[in-house]
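# Notes for the structure review
One-letter residues, chain by chain:
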Amino acid sequence: MDLSFVVMVTFFISLLSIPFLFFTLYRRHPNTLPPGQMGLPFIGETLQLISAFKTENPEPFTDDRVSRFGSIFMTHIFGEPTIYSVDSEVNRFILNNEGKLFECSYPSMISNLHGKYSLLIMKGSLHKKMHSLTVNFIKSALTRGQLLLHMDTLMRSYMDSWSPKILLMEETKKITFALTVKLLLSSDPCEWTESLRQEFLLIAEGFWSIPIPSISISYNRAIKAKEKVVESLSLVVEERRRAMEEGERKNDVLGAILDEKAGNEHSNEMIVDLLVSLLLAGYETTSSAMTLSVKFLTENPRALSELKEEQDKIRAQKGDDNEPLVWNDYKSMPFTQCVISETLRVSNIVGGIFRRTLSDVQLNGYTIPKGWKIFAALRGPHMNDEYFKDARTFNPWRWQSDAEKTPANVFIPFGGGPRLCPGYELSRVSISVFLHHLVTNYSWEPAEKDKVVFFPFTGTQKRYPIYVKRN
Ligand code: HEM
């Protein structure tokens, strides 16, 4: 039988069964769920959400529903009835109760492309162990200084290769990829890392596509790219195991995984999935934050001049222009940190996180039944005037005066609880070093009008074309 016929039949059967399933789910707990609306059968409100997040101002999607239903409402997105929360306390509760009341549950296209041993998907004690191994390794690599040195060298050499007109988003992607590969595998940029990066671009394009290879070209390409990446990285792991047997040690994440007591018991599949998850999670996010920080600074000349003054001072204290930044330099950039926090707050690189309830859970007076999907919209509190005056305006100075007044559970661009982003400090340091070299050595201006969008990833529509000139 023709495969596409089978797919179509399956598709229509699921289409017909969704209202029934939903009706059954909803009827079991009719009065305990938050109010909301479910949109069309099967696709629910997914298209409204996507079209809002493809604009510069996605807020009306949530504002409209919050004004009618409150800060926790019910909707139907990405194939499932979902409880959508923009309430900061509820969001924090969800994050902190990971593994107890909730568990990570990304839409299938994302989880399929990650693999079952991805840090984002793994659960239980293995997740706990691998999460803390990653966090500890990154922390010590940063504070011991060797990672900062790599960053410095990489950023200078990439910036030296810039032509007068660049797409900043593409350039920052190359930089963050090279840096992550160095951190994970000690590999320097070469043909192999570039071809690996091309495969990662294809994988990322497959997120948010319909997860059926026979009807989605981008998903099909992403699956094939993932297979190539797995094959390529498996060879690296094999080779490293052999080298370690001969006594060779490398100070990178792969070395740390193989070095630990159970290192030999970890399968290649597990190690590769873990490496892939770090590359996927760190790559688009940090490069978007770098690009957007430059865009926001360009549009706020006063902020740019204050940041440049701070960075020029740091450079002036160095013996010569090639002297790399060290940890103490990073720790003496208070205004740069305000710019980074404000960029993260306004751009909401990760707009929210998906979870599933592990039992019936009480949230703000509602009972959310076991098995329901929850979306904790991290973006909601970040864009709320109650916590941030003129929340929709980029204002880095707010972090000088309001920092102590903002409750800790409100500003959470890196999530929280057991799944707190292991790359949170790494990305802040990378953005700081990037801004340092950019503002102390270059001037630039936008080459075209461009705008920020939030779907499928946060970034700019035209990848931020700029004319750039070395001073
Ligand atoms: C601006 C940059 C970044 C932002 C905004 C960001 C944001 C986040 C958020 C919100 C989460 C929580 C997801 C959840 O709870 O389900 C997360 C998790 C994660 N991030 Fe990041 N991230 C950034 C950079 C990085 C970098 C540089 C790396 C790696 C080198 C990284 C690796 C990860 C991984 C592996 C997870 C999953 C952790 C787990 O589930 O245990 N991220 N990130």
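Parameters at a glance
- By convention here, each chain's residues receive numbers from 1 onward along its written sequence.
- Whole-chain, interface and lining totals are the exception, using all residues; otherwise, since this is a predicted model, local features are given only for residues with pLDDT of at least 70 and side-chain atom pairs are given and counted only at 80 or more.
- UniProt positions are given in the numbering used here, feature names are shortened, and annotations may be inferred rather than shown by experiment.
- Working definition: helices are DSSP H or I runs of at least four residues, strands are E runs of at least two. Numbering for both runs from the N terminus.
- We take the radius of gyration over the C-alpha atoms and set the globule estimate at 2.2 Å times the residue count to the 0.38 power.
- Here a residue counts as buried when 20 or more other C-beta atoms fall within 10 Å of its C-beta, as exposed when 12 or fewer do, and as partly exposed in between; the C-beta atoms come from the backbone.
- Along the chain, pLDDT gives the predictor's confidence residue by residue, from 0 to 100.
- Working definition of a contact: two residues with C-beta atoms, positioned from the backbone, lying within 7 Å.
- At least two bridges found by DSSP between two strands is the condition for calling them paired.
- Each axis is a line fitted through C-alpha atoms, taken for helices only over the stretch in contact, and angles between the N-to-C directions span 0 to 180 degrees.
- Near residues are defined by distance alone, with the backbone-placed C-beta atom required to lie within 6 Å of the molecule or strand.
- Under the convention adopted here, Pro, Cys and the residues Ala, Val, Leu, Ile, Met, Phe, Trp and Tyr are nonpolar, Asp, Glu, Lys and Arg are charged, and Gly plus all remaining residues are polar.

As named in an unreviewed UniProt entry, the protein chain is 3beta,22alpha-dihydroxysteroid 3-dehydrogenase isoform X1, taken from Spinacia oleracea. Here the protein chain is described in UniProt, under the heading Subcellular location (unreviewed entry), as follows: "Membrane". The record in UniProt for the protein chain states the following under Cofactor (unreviewed entry): "heme".

### Let's talk about the overall build of the protein chain
For the protein chain, the helix and strand inventory stands at 18 helices and 12 strands. Relative to the compact-globule value of 23 Å for 471 residues, the protein chain shows a C-alpha radius of gyration of 23 Å, a close match. Expressed as lengths along the three principal axes of its C-alpha atoms, the size of the protein chain is roughly 70 × 55 × 40 Å. In the protein chain, which comprises 471 residues, the share counted as buried stands at 38%.

### What about the confidence of the model for the protein chain?
In this model, the protein chain carries an average pLDDT of 90, and 91% of its residues clear a pLDDT of 70 or more. Contacts from residues 1–29, a stretch scored under 50 in pLDDT, to residues over four places away or in other chains number 18 contacts. Scoring of the predicted complex yields 0.92 for pTM and 0.99 for ipTM.

### Quick word on the sheet that holds strand S4 (residues 165–167)
The strands making up a sheet associate through backbone hydrogen bonding, with each pair oriented either parallel or antiparallel. Spatially, the three strands line up as an open sheet ordered S4-S12-S9, and their pairing is antiparallel. Each edge of the open sheet is held by one strand with a lone partner, namely S4 and strand S9 (442–446). Direction aside, the axes of adjacent strands within the sheet are offset by 35° on average. Pairing analysis gives three bridges linking S4 to strand S12 (residues 465–470), with the strands arranged antiparallel. Paired with Lys-165 across the bridge in S12 is Tyr-467.

### Quick word on the site of the ligand
In the vicinity of the ligand, 24 residues are found, and the nearest of them are Ala-281, Gly-282, Gly-415, Cys-421 and Gly-423. Among the elements of the structure, helix H12 (268–298) and helix H18 (424–441) are those that each provide at least two residues to the shell around the ligand. The element that contributes the greatest number of residues to the shell around the ligand is H12, accounting for seven residues. Along the lines of polarity and charge, the residues of the shell around the ligand split into 14 nonpolar, nine polar and one charged.

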